[in-house]
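Residues per chain, in single letters:
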Amino acid sequence: MKFEMKDLHVAVNAEQSSANTAVQRERKEIISGISLTINSGEVHALMGPNGSGKSTLSLALMGHPKYKITHGDILLNGKSIINLPANERAKLGVFLGFQYPQEVEGVGISNFLRTVLARTNDGAPAVKEFHKQLKEKMSQLGMPEEFLKRGLNHGFSGGEKKRSEILQLEVLKPKFAILDEPDSGTDVDGLKSVAAGIKETVAENKTGVLLITHYNRILEHVKPDFVHIIVDGKIVNSGGAELARETEKSGYDSLKVAEAAAQ
Ligand code: ADP
Ligand code: MG
């Protein structure tokens, strides 16, 4: 299977209020022509400085209504998905692990995941079997069982939320996963658990992954097949795993300077 971005341009409806007018809307282009193909089982790392458009790209790929695709296409196995809402994209096997996961009070992890499974995959397994699998995965991720009694991400620390996103990834087994900074806010153990969860998902389900990160350290655990560098909404460089190390060493500032000089 293939997940493709073709000359993708994404704009956000930015709201600006000023003293004497009501709310004004202006469209601001954030992603300016990204083309990328992810095949099943491939890990593509996407690295870039703050504000380069990584989260905008991931939200647009999943169909967040605030982010408008103004040009280009997103294809799943050759079929455009840009007119589908997020839940339909999820049913087709696209998953997004958020940089900032929402807290949902009153909806337990177990209920949430079993309901999503019932809607997206071939149906949910029996409750007892599901709980057994869930507890196993939680223990591998270093998540206490007590979390099952709490609302989804409710009151979780930054690192706990990232484990919770990876738990969802492991249970839902998507065909393609966009993981937006799964390493941010994790401590050393958290990073290892998150990385192990991603690796296992790729190995077991041939999930294709777009792994968004700011740092090379997670890539020492999850070896990427390709690394892409994004600056100002454009991919300015692509290469193998070594590109991540080089970029971290030289710093993103040098890339921004090079980009400005090229314009
Ligand atoms: P990254 O994830 O690479 O740090 P983002 O995609 O979050 O970058 O942001 C890219 C740029 O788009 C930033 O300048 C940010 O302020 C702007 N942006 C993102 N979302 C919105 C929004 N909803 N409204 C206005 N500006 C936005
Ligand atoms: Mg971001």
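Residues numbered from 1 in each chain as written. Chains lettered and ligands numbered in written order. Predicted model: local features only at pLDDT ≥ 70, side-chain atom pairs only at ≥ 80, totals over all residues. Heavy atoms only, no water.

**Topic: the coordination of the magnesium ion (ligand 2)**
Taken together, the protein donors to the magnesium ion (ligand 2) comprise Ser55 (OG) and Gln99 (OE1), at separations of 2.1 Å. With Ser55 in helix H1 (residues 54-62) and Gln99 in the loop between strand S6 (94-97) and strand S7 (104-108), the pair connects residues that are 44 residues apart, well separated along the chain. On the basis of relative accessibility, which here comes to 23%, the residue Ser55 falls in the partly exposed class. By relative accessible area, Gln99 is classed as buried at 16%. (Donors = N, O, S within 2.8 Å, 3.2 Å for Na, K, Ca; no water. Helix = DSSP H or I, 4+ residues; strand = E, 2+ residues; numbered from the N terminus. Buried < 20%, exposed > 50% of the residue type's maximum accessible area, 1.4 Å probe, protein only.)

**Section: the packing of helix H3 (residues 109-120) against helix H5 (residues 158-172)**
The packing of two helices is summarised by the inter-axis angle and the distance between the axes. Contact geometry for H3 and H5: axes closest at 10 Å, N-to-C directions at 35 degrees. H5 is crossed by H3, and the crossing has right-handed handedness. In this structure, H3 contributes Ile109, Phe112, Leu113, Val116, Leu117 and Thr120 to the contact, and H5 contributes Leu167, Gln168, Val171 and Leu172. Of the residues in the contact of H3 with H5, the class split is eight nonpolar, two polar and no charged. (Axes fitted to C-alpha atoms, helices over the stretch in contact; angles between N-to-C directions. Left-handed = near helix turned anticlockwise from the far one by under 90°. Contact = heavy atoms within 4.5 Å. Nonpolar A, V, L, I, M, F, W, Y, C, P; charged D, E, K, R; others polar.)

**A few points about unusual backbone geometry**
Positive phi, normally seen in glycine, also occurs at Lys173, with a value near 45 degrees. Mapping Lys173 onto the fold places it in the loop between H5 and strand S9 (176-180). When its relative accessible area of 38% is taken as the criterion, Lys173 is described as partly exposed. We note that Lys206 has phi near 55 degrees; this positive angle belongs to a residue other than glycine. Mapped onto the elements of the fold, Lys206 is located in the loop between helix H6 (188-205) and strand S10 (208-213). Lys206 gets classed as exposed once you look at its relative accessible area, which sits at 53%.

**Details of the sheet that holds S10**
Reading across the sheet, the six strands line up as S6-S9-S10-S3-S11-S12 and stay open at both edges, with mixed pairing between neighbours. Edge positions in the sheet fall to S6 and strand S12 (234-239), since each of these pairs with one other strand and no more. Across the sheet, the mean angle from the axis of one strand to that of its neighbour is 20 degrees, orientation sign disregarded. Where S9 lies against S10, five bridges are found, and the strand directions are parallel. Its bridge partner being in S10, Ala177 is matched across the sheet by Val209. Against the sheet, H1 engages strand S3 (43-47), S6, S9, S10 and strand S11 (226-231), with an angle of about 145 degrees to S6. (Pairing = 2+ DSSP bridges.)

**Some remarks on the environment of Asp183**
The topology assignment puts Asp183 in the loop between S9 and H6. The spacing of Asp183 and Ala195 is twelve residues in sequence and 8.2 Å in space, taken between C-alpha atoms. Excluding residues within four positions of it along the chain, Asp183 makes contact with Leu191, Ile212, Thr213, Tyr215, Arg217 and Ile218.

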